[in-house]
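The primary structure of each chain is shown beneath.
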Amino acid sequence: MNICEREGGRCAEMAMVCLTDFEEYAKEHLSKATWDYYAAGADECCTRDDNLLAYKRIRLRPRILRDVSVSDTRTTVQGTEISFPVGIAPTAFHCLAWHEGEVATARATEALNTCYITSTYSTCSVEEIVAAAPNGYRWFQLYVYRDRKLSEQIVHRVEGLGYKALVLTVDVPYTGKRRDDIRNQFKLPPHLKVKNFDGVFQQETAGPEEYGIPANTLDPSISWKDVYWLQSITRLPIIIKGILTKEDAELAVEHGVQGIIVSNHGGRQLDGGPATIDALAEIVDTVQGRLEVYLDGGIRTGSDVLKALALGAKCVFIGRPAVWGLAYKGEEGLREVLQILNDEFRLSMALSGCRNVAEINRNLIQFSKL
């Protein structure tokens, strides 16, 4: 469906120039309940909004006359090369945005040669996703359930399918209070389900459900010892998503994980926590290269990507903008979103005097005199 100008019967497609164009399109074309679900933050949405505002407070110190005639945006994550340091964060229910759902997401990320973190809460199964993009580079996002067997089964499934890492989400002992979802009584439409658990919960369908699975399935007793448990059942690298402090970063190192995603769940869990870009530097300083540090939350432009890398992130991940791309045109729409970010990042790099990601460092950041 095109955005049309109906002047003299002419129908011209609107040029999609930046990520906010896709956001506006998605807001206009998705149902209110679906838009509200994706847009939701917890409580007053302070943290959700601060994720974006924090980037606008950071100033760059560009270097000039550095011969930026050739630039290279490639980097590696967990030893694998990707075309540029932006991947897809795990977000749920892509079929709400586009009929092909996660299958389209997988194809778009394979086409652009970057990393796709598949959500546990996918509306396509992990098998369907792999079949759609057999050569894609993928990690799998995992929750720990009260029934550990459930978590164990999905770990073995994705390991067998060639997923390259497990991303353990640790900031959801309970689901945050998302006011619009409560007001809308948000539920998955009957034709969609959390495909990875198809048939698993049939006996419990009578009870209350939360985001497509029975309420109280997540285990609030999850602790650091579960990281050891996870290491005991898999050989995949483990990346912990949801760390916001240097204390927890140090514990992550001590527990032998391979990566951290600095994340506040898109501002959907604890309201009043820090913007992820503001939490990044202390975590990078604590870790000191002993594991890789990534970030999600608030990335909307190529210069945001540059700022995150300058502050020490190895790679960033986008959540909501990926969904907006899907809402616009499925696989093609998401490819456009990624391509725009890639082009903007390359331009920001060049305009600040960086020819490759190795040249991006903290000297690029203006630390204001307090």
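Residues numbered from 1 in each chain as written. Predicted model: local features only at pLDDT ≥ 70, side-chain atom pairs only at ≥ 80, totals over all residues. Heavy atoms only, no water.

Notes on the nonpolar core
Convention followed: The term nonpolar core refers to a set of buried residues drawn from Ala, Val, Leu, Ile, Met, Phe, Trp, Tyr and Cys, joined through side-chain atoms within 4.5 Å. For the exposure calls, accessible area comes from a 1.4 Å probe over protein chains only, and a residue counts as buried if that area is under 20% of its type's maximum, exposed if over 50%, partly exposed in between. Helix and strand labels come from DSSP, where a helix needs a run of H or I of at least four residues and a strand needs a run of E of at least two; each type is numbered from the N terminus. Residue contacts are counted whenever heavy atoms from the two residues lie within 4.5 Å of one another.
Within the largest apolar cluster, 108 residues are counted, with the highest numbers of intra-cluster contacts made by Phe-93, Tyr-121 and Ile-360. With 13 residues, the single largest contributor to this core is helix H12 (residues 320–351). Ignoring anything within four residues of it in the chain, the contact list for Phe-93 reads Tyr-37, Tyr-38, Glu-102, Tyr-121, Thr-123, Phe-186, Leu-188, Val-194 and Tyr-211.

Side note on the environment of Leu-270
As for its placement among the helices and strands, Leu-270 is situated in the loop between strand S11 (259–262) and helix H10 (276–287). For Leu-270, a relative accessible area of 63% puts it in the exposed group.

Thoughts on the UniProt feature "active site" (unreviewed entry) in the protein
What counts is decided by this rule: UniProt positions are given in the numbering used here, feature names are shortened, and annotations may be inferred rather than shown by experiment.
Here, the residues flagged by UniProt with the feature "active site" (unreviewed entry) are His-265. With near-sequence residues (within four places) excluded, His-265 lies in contact with Tyr-143, Thr-169, Asp-171, Val-172, Arg-178 and Lys-241.

Regarding helix H4 (residues 102–111)
A turn of α-helix holds 3.6 residues, and therefore any two residues three or four places apart point the same way. Burial analysis of H4 places seven of its 10 residues in the buried class, the great majority of the element. Following H4 by one or two positions, Asn-113 adopts a phi angle in the positive range, close to 55°.

A look at the pattern of salt bridges
For clarity, the cut-off: Any carboxyl oxygen of Asp or Glu within 4 Å of a side-chain nitrogen of Lys or Arg constitutes a salt bridge here.
Applying the stated criterion across every chain, the model contains 18 salt bridges. Among the salt bridges present, the one from Glu-81 reaches Arg-74, with a minimum N-O distance of 3.7 Å. Residue Glu-81 is classed as partly exposed on the basis of its relative accessible area, which comes to 43%. Taking the shortest distance from any N to any O, the salt bridge between Arg-335 and Glu-331 comes out at 2.7 Å. You can see Arg-335 and its partner Glu-331 sitting in helix H12, four residues apart, about one turn around the helix. Through salt bridges that share partners, Asp-50, Arg-57 and Asp-278 make up one connected network.

A look at the packing of aromatic side chains
In plain terms, the rule: When two rings of Phe, Tyr or Trp (its six-membered ring) have centres within 6.5 Å they constitute a pair, described as stacked for plane angles under 30 degrees, edge-to-face for angles over 60, and tilted for the intermediate range. To sit over a ring, a charge needs its Lys NZ or Arg CZ within 6 Å of the ring centre and within 35 degrees of the ring normal.
Counted according to the given criterion, the structure contains 16 aromatic pairs. With centroids separated by 6.1 Å and ring planes inclined at 75°, the aromatic side chains of Tyr-137 and Trp-139 adopt a geometry described as edge-to-face. Pair check on accessibility: Tyr-137 and Trp-139 agree, each one buried. A ring pair is formed by Tyr-294 and Phe-317, whose centres lie 5.9 Å apart and whose planes are at 85°; its orientation type is edge-to-face. Of the two residues, Tyr-294 is situated in strand S12 (residues 292–296) and Phe-317 in strand S13 (residues 315–318); the sequence distance between them amounts to 23 residues. Judged by relative accessible area, Phe-317 falls into the buried class, the value being 1%. One aromatic cluster in this structure is built from Tyr-37, Tyr-38, Phe-93, Tyr-121, Tyr-143, Phe-186 and Tyr-211. Stacked on the ring of Tyr-163, the Lys or Arg Arg-138 has its end atom at 5.7 Å from the ring centre.

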